[in-house]
Amino acid sequence: QLVESGGGSVQARDSLRLSCAASGGTFSSYSMGWFRQAPGKEREFVAGISWSGGSTYYADAVKGRFTISRDNGKNTVYLQMNNLKAEDTAIYFCAAARKVPQYAYWGQGTQVTVSS
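Nothing here was measured: the structure is a model prediction, and the numbers come from that model.

> How do you make sense of the layout of surface pockets when you look at a structure like this?
The rolling of a water-molecule-sized probe over the atoms marks out the regions of remaining empty space. Of the volumes computed, that of the largest pocket is approximately 170 Å³. If you go around the largest pocket, the residues you meet are Q1, L2, A22, S23, G24, G25, T26, F27, Y30, M32, A96 and Y105.

Structure representation (structure tokens):
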């Protein structure tokens, strides 16, 4: 089970940190990812991190502003979002994959709204 938290409504250029707590499996066995879906748009990849945290990946739209990290001791993955823009407004989902890009497990999502 994956449970996201940390979403909210902020102003442009503000920061937010999303968290995703995992339970019911061996967290350190999974690569983790963050995705988002804006109204009227398809879900898109935002960031990914390997099981060890040694490799990270970002969509071009967030590179340099967002940072993904994980704490395997706490079974939690994070998404630090800085310099937020109105176009970052979306529901953010975390997901787990034994083998990227086959994300088999998904959270329920957390809403992020950025006002310009």
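Moving on from the model shown.
> How should I be thinking about the state of the cysteines in this particular structure?
Working definition of a disulfide: a covalent bond connecting the sulfur atoms of two cysteines. By the definition in use, this model includes 1 disulfide. In this model, C20 is linked to C94 through a disulfide, with the two sulfur atoms separated by 1.9 Å. Disulfide C20 to C94: torsion about the S-S bond roughly 45 degrees, handedness right-handed. Placement of the pair is C20 in strand β3 (residues 16–22) and C94 in strand β9 (residues 90–99), with a sequence separation of 74 residues.

Calculation rules
As a convention, each chain's residues are numbered from 1 in the sequence order in which they are written. Owing to the predicted nature of the model, reporting of local features is limited to residues with pLDDT of at least 70; listing and counting of side-chain atom pairs is limited to 80 or more, with chain, interface and lining totals taken over all residues. Water and hydrogen atoms were dropped before computing side-chain values, which therefore reflect all heavy atoms in the structure. The rule is simple: put a 1 Å grid over the protein atoms alone, call a set of points where a 1.4 Å probe fits but cannot get out a cavity, call an open set with protein on both sides within 12 Å along at least five of seven lines a pocket, and count a residue as lining if it has an atom within 4 Å of a point. Grid points are joined across faces, edges and corners, and a volume is the space filled by probe spheres set on the points. Disulfides are defined in this document as cysteine sulfur pairs within 2.5 Å. What counts as a helix is a DSSP run of H or I of at least four residues, what counts as a strand is a run of E of at least two, and both are numbered from the N terminus.

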